[in-house]
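A closer look at the structure
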Amino acid sequence: MSIEAAFMVPHPPLIVPQIGKGRESEVQKTINSYRQVADEIALIKPETIIITSPHSVMYYDYFHISPGERAFGSFADFNAPMVSFDEEYDTKLVRLIESLCESSRIPAGTRGERDKRLDHGTMVPLYFIREKYKGAKIIRIGLSGLPLKTHYELGRVIKIAVEQTGRKAVFIASGDLSHKLQSYGPYGFAPEGPEYDRRIMDVCSRGAFEELFDFDEDFCEKAAECGHRSFTIMAGALDSTEVKATQLSHEDITGVGYGICTFYPMGKKQDPYVRLAIDTIESYVRSGERIKVPDYIPDKMRNTRAGAFVSIHKKGELRGCIGTIMAVKNSIAEEIISNAISAATRDPRFPAITPDELGELEINVDVLGEPEQISSTDMLDVKRYGVIVSSGYKRGLLLPDLEGVDTVSQQVEIAMYKGGITYDDDITLHRFEVIRHK
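Here is what the cut-offs are and how they apply
Residues numbered from 1 in each chain as written. Predicted model: local features only at pLDDT ≥ 70, side-chain atom pairs only at ≥ 80, totals over all residues. Heavy atoms only, no water. Helix = DSSP H or I, 4+ residues; strand = E, 2+ residues; numbered from the N terminus. Polar contact = N/O pair within 3.5 Å; in protein donor to acceptor, adjacent residues only side chain to side chain. Buried < 20%, exposed > 50% of the residue type's maximum accessible area, 1.4 Å probe, protein only. Lys, Arg positive; Asp, Glu negative; His and termini not counted. Salt bridge = Lys/Arg side-chain N within 4 Å of Asp/Glu carboxyl O. Contact = heavy atoms within 4.5 Å. Pairing = 2+ DSSP bridges. Expected span 1.5 Å × (residues − 1). Axes fitted to C-alpha atoms, helices over the stretch in contact; angles between N-to-C directions. Parallel < 35°, antiparallel > 145°, perpendicular 65-115°, else oblique. Left-handed = near helix turned anticlockwise from the far one by under 90°. Nonpolar A, V, L, I, M, F, W, Y, C, P; charged D, E, K, R; others polar. Core = buried A, V, L, I, M, F, W, Y, C linked by side-chain atoms within 4.5 Å.

**Description of the environment of His11**
For His11, the position within the fold is in the loop between β1 (3–9) and α1 (17–20). Residues His11 and Pro54, spaced 43 residues apart in sequence, show a C-alpha to C-alpha distance of 9.8 Å. In terms of polar contacts, His11 uses its side chain to reach the side chain of Ser174, at 2.8 Å.

**Comments concerning the side chain of Asp197**
Tracing the backbone through its elements, the reader meets Asp197 in helix α6 (residues 192–206). No salt bridge forms around the buried Asp197; measuring N to O, its nearest opposite-charge neighbour Arg198 is 10 Å away. Not counting residues within four places of it along the chain, the set of residues in contact with Asp197 comprises Leu177, Ser178, Leu181, His250 and Gly257.

**Remarks on the pairing of strand β2 (residues 48–53)**
The element β2 is extensively covered by neighbouring structure, given that 6 of its 6 residues are classed as buried. Burial along β2 is two-sided: Thr48, Ile50 and Thr52 facing one way and Ile49, Ile51 and Ser53 facing the other are all buried. In the sheet, β2 pairs with strand β7 (residues 137–142) via 6 bridges, with the strands oriented parallel. Counted as the bridge partner of Thr48 is Lys137 from β7. Examined bridge by bridge, β2 and strand β8 (residues 169–174) share 5 bridges and lie parallel to one another. Across the sheet, Ile50 pairs through a bridge with Phe171, a residue of β8.

**Let's talk about helix α5 (residues 148–165)**
Over its 18 residues, α5 runs 26 Å from end to end, which matches the ideal 26 Å to within 8%, given 1.5 Å per residue. With 15 of 18 residues buried, α5 is to be regarded as a mostly interior element. Positioned one or two residues after α5, Gly166 has a phi angle of 75 degrees, which is positive.

**Focus: the pattern of salt bridges**
Inspection of every chain in the model, using the stated rule, returns 29 salt bridges. With its nearest N and O atoms 3.4 Å apart, the salt bridge here joins Glu153 to Arg156. Of this pair, Glu153 and Arg156 both sit in helix α5, 3 residues apart, which is roughly one turn of the helix. Across the pair, exposure class does not vary: Glu153 and Arg156 are buried alike. Here the salt bridges share partners, and the residues they tie into one network are Glu153, Arg156, Asp239, Glu282 and Arg286.

**Comments concerning the side chain of Ser391**
Take Ser391: it is sitting in strand β15 (residues 385–391). Of the polar contacts made by the side chain of Ser391, one reaches the backbone oxygen of Asp426; its length is 2.8 Å. Discounting chain neighbours no more than four positions away, the residues touching Ser391 are Ile421, Asp425 and Asp426.

**Some points on the packing of helix α9 (residues 272–287) against helix α11 (residues 332–345)**
In contact at an axis separation of 9 Å, α9 and α11 are set at 50 degrees when each is read in the N-to-C sense. Taken together, the axes of α9 and α11 are oblique relative to one another. Handedness of the α9/α11 crossing: right-handed. Across the interface between the two elements, Tyr273, Leu276, Ala277, Thr280, Ile281, Tyr284 and Val285 of α9 pack against Ile332, Ala333, Ile336, Ile337, Ala340, Ile341, Ala344 and Thr345 of α11. Here the residues of the contact of α9 with α11 are counted per class, giving 13 nonpolar, 2 polar and no charged.

**As for the pairing of strand β16 (residues 394–398)**
Sheet analysis places β15 next to β16, joined by 5 bridges and oriented antiparallel. Counterpart to Val389 in the pairing with β16 is Gly396. The loop that links β15 with its antiparallel partner β16 comprises 2 residues; one of these, Gly392, has a positive phi angle of about 60 degrees.

**Notes on the nonpolar core**
Generally speaking, soluble globular proteins have nonpolar side chains that are buried together. The biggest cluster of nonpolar side chains holds 49 residues, and the ones touching the most others in it are Ile50, Ile158, Phe171, Tyr196, Ile200 and Phe263. For this core, the element with the most residues is α5, which contributes 7 residues. Those residues in contact with Phe263 that sit more than four places away from it in its chain are Ala5, Ala6, Phe7, Met8, Cys204, Phe209, Met234, Leu238, Val243, Lys244 and Ala245. One finds Phe7, Val37, Ile41 and Tyr258 within the second-largest nonpolar core, a separate group that totals 36 residues.

**Observations concerning unusual backbone geometry**
Here the phi dihedral of Ala224 falls at roughly 55 degrees; this positive angle occurs in a residue that is not glycine. Positionally, Ala224 belongs in the loop between α7 (217–223) and α8 (228–237). Look at Ser240: it is not a glycine, yet its phi comes out positive at around 60 degrees. One can find Ser240 in the loop between α8 and β9 (241–251). We classify Ser240 as buried; its relative accessible area is 19%.

Here it is in structure tokens:
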């Protein structure tokens, strides 16, 4: 299982009727959208609801994940003590997130709790969800003063943890938009306020999560937003996933921006060969665990055998490449898993990849066709064929269509060098075709 859907929602206590006492009708569009979100969650029937909240425990250099078996809370601080919550935490998933964060050197965990009570950034979403769906444990995660990239990386770890535990989960990114939209609002007006709301709703309505990093920190501060980091963690939890993004509503009537969007994964951007290599590398580098062949792998990858190379680049430079000329495993899928781990951690030319590099890698998978012996280099085409040069027990291989390799003579020379073969050796040539997956 995985994260089935994600939701960007605000958390004004005003929209809870026992608090608003009629004023909630001022933002009826927001309430209607919230009820739609609750209906959609009820249809999904998740096992776990993950909530990131700006009003949970927050540290400058640490992400706090609420500890313990369960938590209680009420809107007593908003004169509505009759509205209360008793929520159970998903302790198994919390432990795995904490463990993966530690191995990934992300400062996050369950230490340092200052207040066990549920915060209103968590309770407002739960108010509407619990009207429609009583199931699911929760996880509550606070934000931090760390860079946006680190928030995104936390989201990626959450995604991996959900997949490793097999949880069926939804992600709630709780956060208001700008608090400086109107002169009559509680925080007054700043020109950055409406501009922030316009930009963030545009980005999220398109699911263009990479643009979240384009928001300057000073600009966000002047706009007095509170949800940007929450949205960025959510984006990380949807990393490498094509999403269907839908804007349900946006209101700025009270001087504070309330935006609601839904995000449904439509599948990885990578094809299954690359996705398998990526998932393998992320799991092994973060936790040292070798993944099993996932459910999303098609039958062709399970039932056929072939050699395969996994190539890893970082900022355009080779970072690791290991492969097999002929199949040595029972399936292409198992071949990719084995070679992805080797490329990431056992290429003798490079140090093992570290968790903080994972977001910067580009990964390709080349599936090799059956090698064919040839009698002359005239039968080679540097763009179409790879080459294997053999001399006794020595063997060197070079893949086709590599940047900087423009001639057959270059291709053969590099393959000879890799195999420790000299021009004085008797050589045998094989060519092969590949299907390259990017």
